[in-house]
Amino acid sequence: MAEIIDGKKIAESIKEDIARRTAILEQKGHKTGLAVIMVGENPASKIYVRNKIAACERTGIKSFSYEFPDTAQESEVAELISALNEDDNIDGILVQLPLPKHMNERRLLEQISPEKDADGFHTQNAGRLFLGEECSAACTPSGIIELIKSTGEIIAGKHAVIIGRSNIVGKPLAMLLLQNNATVTICHSKTLNIKDIAKAADILAVAIGVPEFVTADFVKPGAIVIDVGMNRTQEGLKGDVKFDEVSKIASYITPVPGGVGPMTITMLLLNTLKAAEKKFGRD
Ligand code: NAP
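Only a predicted model underlies this, so the values are computations on that prediction, with no experimental measurement involved.

Let us now look at the overall build of the protein. For the protein, the count of helices and strands is ten helices and eleven strands. Taken over C-alpha atoms, the radius of gyration comes to 19 Å for the protein, in line with the 19 Å a tight globule of 283 residues would show. For the C-alpha atoms alone, the extent of the protein along its principal axes is close to 50 × 45 × 35 Å. Relative to all contacts within the protein whose residues are 6 or more apart in sequence, the contacts with residues 24 or more apart total 71%. In the form shown here, the protein has an accessible surface area of approximately 13400 Å², with 52% of it arising from carbon and sulfur atoms. Between the mean site of the 33 positive side-chain charges and the mean site of the 37 negative ones, the protein shows a separation of 3 Å.

Arg165, Ser166, Ser189, Met230 and Thr264 are the nearest of the 22 residues found near the ligand. A distance of 2.7 Å separates an oxygen atom of the ligand from a polar atom in the side chain of Arg165. At a separation of 2.5 Å, an oxygen atom of the ligand approaches a polar side-chain atom of Ser189. Protein burial of the ligand: of its 920 Å² of free accessible surface, 70% is covered by the chains. In terms of residues, the shell around the ligand owes the most to one element, helix α10 (residues 260–280), which gives three residues. The residue inventory of the shell around the ligand, partitioned by class, reads eleven nonpolar, ten polar and one charged.

Moving on: the sheet that holds strand β2 (residues 33–39). Strand order in the open sheet made by the three strands is β3-β2-β4, with parallel pairing throughout. Each edge of the sheet is formed by a strand with only one pairing partner; in this case those strands are β3 (62–68) and β4 (92–95). Taken pair by pair, the neighbouring strands of this sheet meet at an average axis angle of 15°, ignoring direction. Relative to β4, β2 runs parallel, the two sharing four bridges. Note that in β4 the partner of Ala35 across the bridge is Ile93.

Before going further, it helps to examine a nonpolar patch on the surface. Residues Tyr48, Met230 and Leu237 make up a contiguous nonpolar surface patch of roughly 230 Å² in combined accessible area. Tracing the chain through its elements places Leu237 in strand β10 (residues 236–238).

Quick notes on the rules
Per chain, residues are indexed from 1 in the order of the written sequence. This being a predicted model, a pLDDT of at least 70 is required before a residue's local features are given, and a value of 80 or more before pairs of side-chain atoms are given or counted; all residues contribute to the totals for chains, interfaces and linings. Each side-chain value is derived from all of the structure's non-hydrogen atoms; neither hydrogens nor water enter the calculation. Helix and strand definitions here come from DSSP, where helices need a minimum of 4 consecutive H or I residues and strands a minimum of 2 consecutive E residues; each element is numbered from the N-terminal end. The globule rule used for comparison is 2.2 Å times the number of residues to the exponent 0.38, while the radius of gyration itself is calculated over C-alpha atoms. Here a residue-residue contact requires only that any non-hydrogen atoms of the pair lie within 4.5 Å. For the area figures, the Shrake-Rupley method with a 1.4 Å probe applies, and any residue is considered shielded solely by the protein chains shown. In this tally Asp and Glu are treated as negative and Lys and Arg as positive; neither His nor the chain ends contributes. For this purpose, a charge sits on NZ of Lys, CZ of Arg, CG of Asp or CD of Glu. Think of it this way: one heavy atom of a residue within 4 Å of a molecule or strand is enough to make that residue near it. Any pair of nitrogen or oxygen atoms within 3.5 Å is treated as a polar contact; in protein, a donor-acceptor pairing is required on top of that, and neighbouring residues in sequence qualify only through side-chain atoms on both sides. Asp, Glu, Lys and Arg are counted as charged, while Ala, Val, Leu, Ile, Met, Phe, Trp, Tyr, Cys and Pro are counted as nonpolar; the rest, among them Gly, fall into the polar class. Here the rule is simple: two strands pair whenever DSSP picks up at least two bridges between them. Lines fitted to C-alpha atoms define the axes here, with helix axes fitted over just the stretch in contact, and angles between the N-to-C directions of these axes take values from 0 to 180 degrees. Residues forming no salt bridge and having over 30% relative accessible area are the ones grouped into patches, like charges within 9 Å of each other and nonpolar side chains (Val, Leu, Ile, Met, Phe, Trp, Tyr) within 5 Å. Here, a salt bridge means any side-chain nitrogen of Lys or Arg that lies within 4 Å of a carboxyl oxygen of Asp or Glu.

Below you can see the structure in the form of structure tokens.
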């Protein structure tokens, strides 16, 4: 039976460290700040934003919330981002996605100063990640690396298979695993024999958005299985991995909820804190 990787507990301990470090910055006269921009009334986005603001409060990071109606113009949001880029009270900026269809998501994300890019979505940060340079890396993949490391298993030399190649999970995760000296294979919707490839994995990370896609016959006994999926179904929240089956043969597995999810917000806070520490020094 697999050991459960408790994302909630690991996230809590990282948050404690963040709180300690924000307090040190505050003693030096700087209150770490995160600006959260939301456009429209997407109910899921509202919940995510609420959770991010609550997490800020618990770690001593001041959140600045900006809400625009669905009818707002892209230029209004761009103007706000420009002002926040210049504001010394703001260390991190995030634009909650998705944006309304009339806005160009990529253009707005590029508007954020790379130094304040808390989500790590700016092309400069994605490029630095690709080059293996220090950067604000995408939050979900960074959190996954922490979860894998928490098992005590060595990543170097392991064969990691990632199912899913999105810009926010699959691709940046591949780069981080490479940096950690894993041998990485990326699968996607056009991959042939996906089951056979997955079955060769020592580390299997699944980020596709298909409920319970990965069953026991995809998994090598003893593999570490990371389930990124968050699928709202009629039977409740489901991952991309069939937990009941796979947990019987994996060595470690993340649950949904309580696995990858709590780490994503924590890494957002960590990126914001690191940006502040870069400016105001870390003890
Ligand atoms: P996405 O942008 O929709 O990308 C999905 C990826 O999965 C694509 O690369 C797609 O392949 C691939 N795919 C889809 N169906 C497939 C199949 N049947 N076989 C193989 N590959 C398949 O998704 P995402 O944003 O990465 O999110 C994936 C899941 O993770 C979602 O459930 C999302 O809610 C969840 N998520 C969770 C967190 C968290 O914090 N816990 C964060 C982000 C995302 P193609 O490229 O060929 O189309």
